[in-house]
Structure formats: structure tokens, C-alpha cells
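Structural overview
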Amino acid sequence: MRHSISAVLCASMALAGCAGHGDSQSAPADDTLTLLVGSYCEPGDSALRVYRFNTADTSAVLLYKAAVDNASYFTQAPSGIVYAVTERGDSDSYLTALRTDTATGRLNVLNSRPTGSGGPCYVQTSPDGRFAVTANYGGGSVSVFPIETDGSLSPRRQLLVFEGNGPVERRQASPHPHCILFTPDNRYMLVSDLGTDLIHQFDVSAGCDSLISTRQPHHIQLIPGSGPRHMIFNHVGSSVYIINEISDSVAMLHYEDGRLTTLEYVAADTAQAHGAGDIHLGHDGSHLYASLRLRHDGIATFDVDALTGRIILTGHTPTGKHPRNFTLSPDGRLMLVACRDENAIEIYDVDPTTGQLTATGRRIPVPRPVCVKFLNQD
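Rules behind the numbers
Residues numbered from 1 in each chain as written. Predicted model: local features only at pLDDT ≥ 70, side-chain atom pairs only at ≥ 80, totals over all residues. Heavy atoms only, no water. Pairing = 2+ DSSP bridges. Helix = DSSP H or I, 4+ residues; strand = E, 2+ residues; numbered from the N terminus. Axes fitted to C-alpha atoms, helices over the stretch in contact; angles between N-to-C directions. Salt bridge = Lys/Arg side-chain N within 4 Å of Asp/Glu carboxyl O. Phe/Tyr/Trp six-rings, centres within 6.5 Å; stacked < 30°, edge-to-face > 60°. Buried < 20%, exposed > 50% of the residue type's maximum accessible area, 1.4 Å probe, protein only. Lys NZ or Arg CZ within 6 Å of the ring centre and 35° of its normal.

We now examine the sheet that holds strand β7 (residues 82-86). Whenever strands of a sheet pair, they do so through backbone hydrogen bonds, lying parallel or antiparallel. Strand order in the open sheet made by the four strands is β6-β7-β8-β9, with antiparallel pairing throughout. Each edge of the sheet is formed by a strand with only one pairing partner; in this case those strands are β6 (71-76) and β9 (107-114). For this sheet, the mean angle separating the axes of adjacent strands, direction not counted, is 25°. Relative to β7, β6 runs antiparallel, the two being bridged by five bridges. Of the residues in β7, the one forming a bridge with Y73 is V85.

This part takes up the pattern of salt bridges. Taken as a whole, this structure holds 14 salt bridges when the rule is applied. One salt bridge connects E245 with R293, and the closest N-O pair in it is separated by 3.3 Å. On the criterion of sequence distance, the pair formed by E245 in the loop between β19 (239-244) and β20 (249-256) and R293 in the loop between β23 (287-292) and β24 (298-304) is long-range, its members being 48 residues apart. Across the salt bridge formed by E342 and R363, the nearest N and O atoms sit 3.8 Å from each other.

Bringing the packing of aromatic side chains into the picture now. Enumeration according to the criterion identifies four aromatic pairs in this entry. Ring plane angle 75° and centroid distance 6.4 Å describe the contact between F162 and F202, whose orientation is recorded as edge-to-face. Highlighted residues: F162 in strand β13 (residues 156-164) and F202 in strand β16 (residues 198-203), separated in sequence by 40 residues. Each member of the pair, F162 as well as F202, is classed as buried. Over the ring of Y64 we find R106, and its NZ or CZ is 4.1 Å from the ring centre.

Structural data, given as C-alpha cells:
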């Protein structure tokens, strides 16, 4: 296995369900939330849908579609600005900034910038809100955009290009960055690379014109053939959990004073589907969830030890086909699962004590959903 990284600075130019439909967005009641869903779509179609979701009866009303093509992932910055990727090829992949209009309550496009690399599948903003970063799975790179004072994306773009491969030739012939995570102390940026089984750890340059320092990153090597995909820190910031797509396992790493140490790998499934997808902690951090695709589709549930952060697999809940992404309601009572090949968001009750899931039988019809999140309405 080999790996290296180079940085290129360049300029880019601007360029049966429970759901209903509605044309306007009225003031939400106390039990309603704004739900944003990204999906795959045909070129030129809008793939970012905004719903009013009622937590009491789990009904969802489609309010409108924001103008973002093939919106496979998005994030909301603390400023309230939403950043969404358009996942296509090298020449037609973009990052788009959207801001809520105070008069209409609708998300409007501020601007879009080309990522300069194909297959952006993840976006994250830096803790200080000055940069937006995309993981470009197809291009084997990370794009870093300065954020302007109004939340729009600067035309200046830094492209971090990875090299290397892994032992699973069909899946790891080249680098495939898949997730970006900042450490709780804001000192480092972590990038999971499915193609090389590495976690790249970059020093963050606080207050500087560039997000990361010129020093070469540190690399954390996972078991060859793991295929690290998404990552999440526990609530106290001492443990990071990584869902490995190829090995269908969760890696648990300890974080302390800038050092990541791998402590354990726990199987999320034994079906050998090689398609694990997303990972999230429950409301109080005592349970961990991971989605499984391609075979034995569903959500794996783990108990989390409060002292050590170690996990134990405690259950598997079947879902519809290809649960690529999922989220929990802010109160932790509900889980919404984006089942791409079911063309639906499925809704599950979460037991507050055991963390186990129960299917409600209710769903939100959405064409090819792949990302679902509740928006902060403050």
C-alpha cells in the first residue's frame, strides 16, 4: 500500500406515505420541525426538498424544492447557511451555499462553486465558520473553500489530492475520501479515505488565510480492507467511531491530546455485504447506530460504555432497501432512515432505555433519498 498527498491552489469561477404537499411555509407549531432531504436526480432537476415534519404524528408536508442538482449530502453551519454538494463528474460537481430568506422562510441559493474534482459526497464547515470542505470520493481529493462574510463561497479554492490504494482491488484501486470531521478541540481536521484505509489528520491553522498548515498530515492506519466511511465523536470528545464500509465493522479510536489510538473493531453485521453506510450516536450518547446496505439491509444498534466508550452490538432492525443515511429527531424519540432504493424515508420509534428501534410503518415518499437532516430553526 502506498499513499501521499499534494496541495494545489487554484481559482474557480462562479457558475403510501404520510407526506403531503404544500406551496407555502407558515409558522411552525411547537411540535413541528424543518426537515431537509437530499436525493439523486436527473441533470437539471432539483434534488433538495424541504418538509414541515410533525414529531407528534410523524406527518410530513413538502413545502418546496431548493434548486440544487443531485444533492447527495449537505450540512448546516452554525450561521444557519446550508452547504450542499452536487455529486457528479470532474467538470459538473459543485458546492452550493443556501441562505434562508427572512421574509419567505425559503432557502435561496447564494452561489455555487465547482469542486474541481468528481464525486463530492460529503461537506463540512470548519469550527470557526471560515471554510467549507468537501470530500470528493471520485476525484480522490478534498476541496477547501473560504466562506465570505455573507456566507457565500469564495472563488479561491484549495485542492488536496491524495494518492495510494488498498488491498481490495475492486473498491480500493485509488483514494476515496468519504468524510471530514474536526476534533472537538478544533486542532485537527480528520479525513477518512475508504480507498487507502487511512484517516488523514491535518493540523488546523486557526486565524490564518488557509484552513490547514503546510505541515504534512499524520496518518492513522486502519486494518487493510476496512474501507473507512463516516466518522463521529462521542459527546465528551474522547472517542471517535468509524463505520467501515467494506468490512462492515465499527472502529473505535481513543482521542487524547491530538493523538488517535485504535482500541477495537466491532462487527456491525456478518452478512459480508461490504456496504455499511452511516453512523450516529443516540440522543444521550449511550447508544450507537450504523446503517447496513446491499444485503441484510437495516440499522445495527450498539450499547456504549459510559466510562470507556467501548461498544457492544445489541440488535439489528431491518429497513427498506439501501439505507444510505439516517438521522434522529432532536429529542431522540424518532429515527428517519433514507432508503434510496425504496424511494422513501422510513420512520422508526427509538426506545429511550434500550435504544432499540421499532418500525412505525410510516414513510415519506421521496425519489432516491440519500441524505436527511433536521434544520436548526433558531
